[in-house]
Amino acid sequence: MKNSISKRWGALALAALLAAGILSGCTREAGESGGTQTLKVAALESAYGRAMWEKVAAAFEKANDGVTVELTVDKNLEDVISPEMKAGDYPDVVHLAVGRTAALTETLTKDNALRDLSGVLDMTVPGEDVTVREKIVPGFLDTLVTNPYSDGKTYLAPMFYGPCGLFYNAGLFEEKGWEVPETWDGMWALGEKAKAEGIALFTYPTTGYFDAFFYALLNETGGPDFFNRAMQYEEGIWDTDEANEAFRIVAKLATYTEKTTVANANDANYLKNQQLVLDNKALFIPNGTWIVGEMKDVPRADGFQWGFTALPAVTEGGDRYSYTFFEQVWSPKKAANPELADKFIAFLYSDEAAEIFAESGAIQPIEGVSEMLEGDNKLFYSIYDTGAKAAMGAFATTDPVEGVSMKDALFGTVDSIVSGQKTVEQWKEAVNKANDALRAALK
């Protein structure tokens, strides 16, 4: 007690502490200080809804006496918390991924305004006997997204994820007696079989879906180190044998692409391309797990059943990759309660929290998560349990360069390759030009 506090007030305070059970050890971690603590958590309200965050917040409060979680969940989270942060009122924990239009997470990353969460990874998951690091699926902590400064430290922790790959009608394969190809040579052979029956080998929703496709493919043709070098705009990277192999595979795949694909490969008509698979007019389509929800109410061929596979290997016995998008959680440097924020983030990886999230379809990248799932989700999220490797990461952040977009150069050009309006050499030239411009603007 401070000297200015009277003996009578000290006695009253001591009695209050004893009544609360603090000196007797009856309370839990967060209540050890004898008072209440408020943890400010801000989370994006995505398709998973807000109820799961409310349940997780309640579970954390229950496990930590004296803690109140002040929860902000909004579809336009940036519009809510940005003004507050400018006024000096920062949330302690934020669930908001990179890649959004407002780019708030990227801005704070560039400004070195995020806390180092490496210590959280070595914390024991609340109520369990493993650390957070041990709980997270290997690979998710070794990306340019989670470790943006290449300093061996984690500033953004991986959250909900969705594996991407090739979706198909498993019922059709069973009916025809076809095997899902494990190599690209096997893919071309199947393409000829399908063509003989009037079925295209491939289609795609829009060229935007080639990001996940290319990221997985570059891991297959050159390995993770090559992929990371490409993501950081290394000089001459797109003229290497590994890059040329990737260009060659996509160019050949273009010759097996359903003829109406390009016309409908836009935001207004992309569902028509997805419908091709359900109508048995195309075998494979690159996509993410959300395709099931998007197409849940549309007609489909008799016996239709979702199938999902990683990209075929470049060589027999070679590595097969499935790219995964994942969201992130982080904590600002100006968070008022950093220690409590760390406890909450560690709690997010507990089985208790993971089960709550999974009920809403939000899947955590934790070991054994597929055991919590049923139906299609069990198939999709077990892809890394059946031999496929996870590809993660994306192009490194740069300062804006007017008129230059790697997305347009590398992915957007696929339409022109499929339609025959551009050659592979023209494609490579555009990619190299963008690569050089963005390397100069690299953060």
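Computed from a prediction, not measured in an experiment: that's the story for all the values here.

Engineer: Provide a residue-level description of the overall build of the protein chain, including the pertinent values.
Structural biologist: Within the protein chain, the secondary structure is distributed over 19 helices and nine strands. Buried positions account for 51% of the 443 residues belonging to the protein chain. Counting only contacts in the protein chain whose residues sit at least 6 apart along the sequence, the fraction spanning at least 24 positions is 73%. As displayed, the protein chain offers around 20400 Å² of accessible surface, 48% of which is attributable to carbon and sulfur atoms. The averaged location of the 65 negative side-chain charges in the protein chain is 4 Å from the averaged location of its 39 positive side-chain charges.

Engineer: So what's going on with the environment of Arg439? Which residues, and what values?
Structural biologist: Relative to the helices and strands, Arg439 is located in helix H19 (residues 424-440). The sequence separation of Arg439 and Thr397 amounts to 42 residues, and the corresponding C-alpha distance is 9.9 Å. Not counting residues up to four positions away in its chain, the partners in contact with Arg439 are Tyr233, Glu234 and Glu235. Within the local environment of Arg439, its side chain forms a polar contact with the backbone oxygen of Tyr233, the two atoms lying 3.0 Å apart. Polar contacts involving the side chain of Arg439 include one to the side chain of Asp436, which spans 3.0 Å.

Engineer: Explain the layout of surface pockets to me, and be specific about the residues and the numbers.
Structural biologist: For the second largest pocket, the calculated volume is near 290 Å³. Along the walls of the second largest pocket sit 16 residues, with Thr309, Ala310, Arg320, Thr386 and Ala388 positioned nearest its centre. Looking at the lining of the second largest pocket, its residues break down into six nonpolar, five polar and five charged.

Engineer: Just give me the short version of helix H10 (residues 241-254), but keep the residues and values in it.
Structural biologist: When the terminal C-alpha atoms of H10 are compared, their 20 Å separation across 14 residues agrees well with the 20 Å that a helix rising 1.5 Å per residue should span. Listed as buried for H10 are Ala243, Ala246, Phe247, Ile249, Val250, Ala251, Leu253 and Ala254.

Engineer: So, the side chain of Glu78: which residues are in play, and what are the values?
Structural biologist: By the element assignment, Glu78 lies in helix H3 (residues 77-86). For Glu78, a relative accessible area of 6% gives the class buried. At 2.6 Å, the side chain of Glu78 forms a polar contact with the side chain of Arg100. If we skip the residues at most four places from it in the chain, Glu78 touches Pro83, Leu96, Arg100, Ala102 and Leu104.

Engineer: Report on unusual backbone geometry, specifying residues and quantitative values.
Structural biologist: Within the chain, Ala103 stands out as a residue other than glycine whose phi angle is a positive 55°. At Asn280, a position not held by glycine, the phi torsion is positive, near 60°. With respect to the helices and strands, the residue Asn280 is situated in the loop between helix H12 (270-278) and strand S6 (282-288).

Engineer: With reference to specific residues and values, describe the pairing of strand S2 (residues 67-74).
Structural biologist: With eight bridges joining them, strand S1 (residues 37-44) and S2 adopt parallel strand pairing. Looking at S2, one finds that Ala42 is bridged to Thr72. A crossover connection joins S1 to the parallel S2 through helix H2 (residues 51-63); in handedness this β-α-β unit is right-handed.

Engineer: How would you sum up the environment of Ala51? Please name residues and give values.
Structural biologist: Within the element layout of this structure, Ala51 appears in helix H2. Ala51 sits in the partly exposed class, given a relative accessible area of 39%. For Ala51 and Val73, which are 22 residues apart along the polypeptide, the C-alpha to C-alpha distance reads 9.5 Å.

Engineer: Tell me about empty space enclosed by the protein, and please be specific about residues and values.
Structural biologist: Under the defined criterion, the tally for this structure stands at one cavity of 30 Å³ or more. What lines the largest cavity is simply Leu117, Val120, Leu121, Val132, Ile136, Thr154, Ala157, Ile345 and Tyr349.

Engineer: Help me get a handle on the packing of aromatic side chains, residues and values and all.
Structural biologist: Two measures describe an aromatic ring pair: the distance that separates the ring centres and the angle between the ring planes. Per the stated rule, a full pass over the model turns up 39 aromatic pairs. For the pair Tyr149 and Tyr155, a centre-to-centre distance of 4.8 Å together with 80° between the ring planes defines the contact as edge-to-face. The exposure class of Tyr155 is buried, given its relative accessible area of 10%. Between Tyr161 and Tyr381, the ring centres sit 5.0 Å apart and the planes meet at 90°, which makes this aromatic pair edge-to-face. Of the two residues, Tyr161 sits in strand S4 (residues 157-169) while Tyr381 sits in helix H16 (residues 375-381), which places them 220 residues apart along the sequence. Taken together, the aromatic side chains of Phe214, Tyr215, Phe227, Tyr233, Trp238, Phe247, Trp290, Tyr323, Phe325, Phe395, Phe411 and Trp427 make up a single cluster linked through ring pairs.

Calculation notes
Residues numbered from 1 in each chain as written. Predicted model: local features only at pLDDT ≥ 70, side-chain atom pairs only at ≥ 80, totals over all residues. Heavy atoms only, no water. Helix = DSSP H or I, 4+ residues; strand = E, 2+ residues; numbered from the N terminus. Buried < 20%, exposed > 50% of the residue type's maximum accessible area, 1.4 Å probe, protein only. Contact = heavy atoms within 4.5 Å. Areas by Shrake-Rupley, 256 points an atom, 1.4 Å probe, with all protein chains shown as cover. Lys, Arg positive; Asp, Glu negative; His and termini not counted. Charge placed at Lys NZ, Arg CZ, Asp CG, Glu CD. Polar contact = N/O pair within 3.5 Å; in protein donor to acceptor, adjacent residues only side chain to side chain. 1 Å grid on protein atoms, 1.4 Å probe; cavity = no way out; pocket = protein on both sides within 12 Å on 5 of 7 lines; lining within 4 Å. Points joined across faces, edges and corners; volume = space filled by probe spheres on them. Nonpolar A, V, L, I, M, F, W, Y, C, P; charged D, E, K, R; others polar. Expected span 1.5 Å × (residues − 1). Pairing = 2+ DSSP bridges. Right-handed = clockwise from strand over helix to strand, strands pointing away. Phe/Tyr/Trp six-rings, centres within 6.5 Å; stacked < 30°, edge-to-face > 60°.

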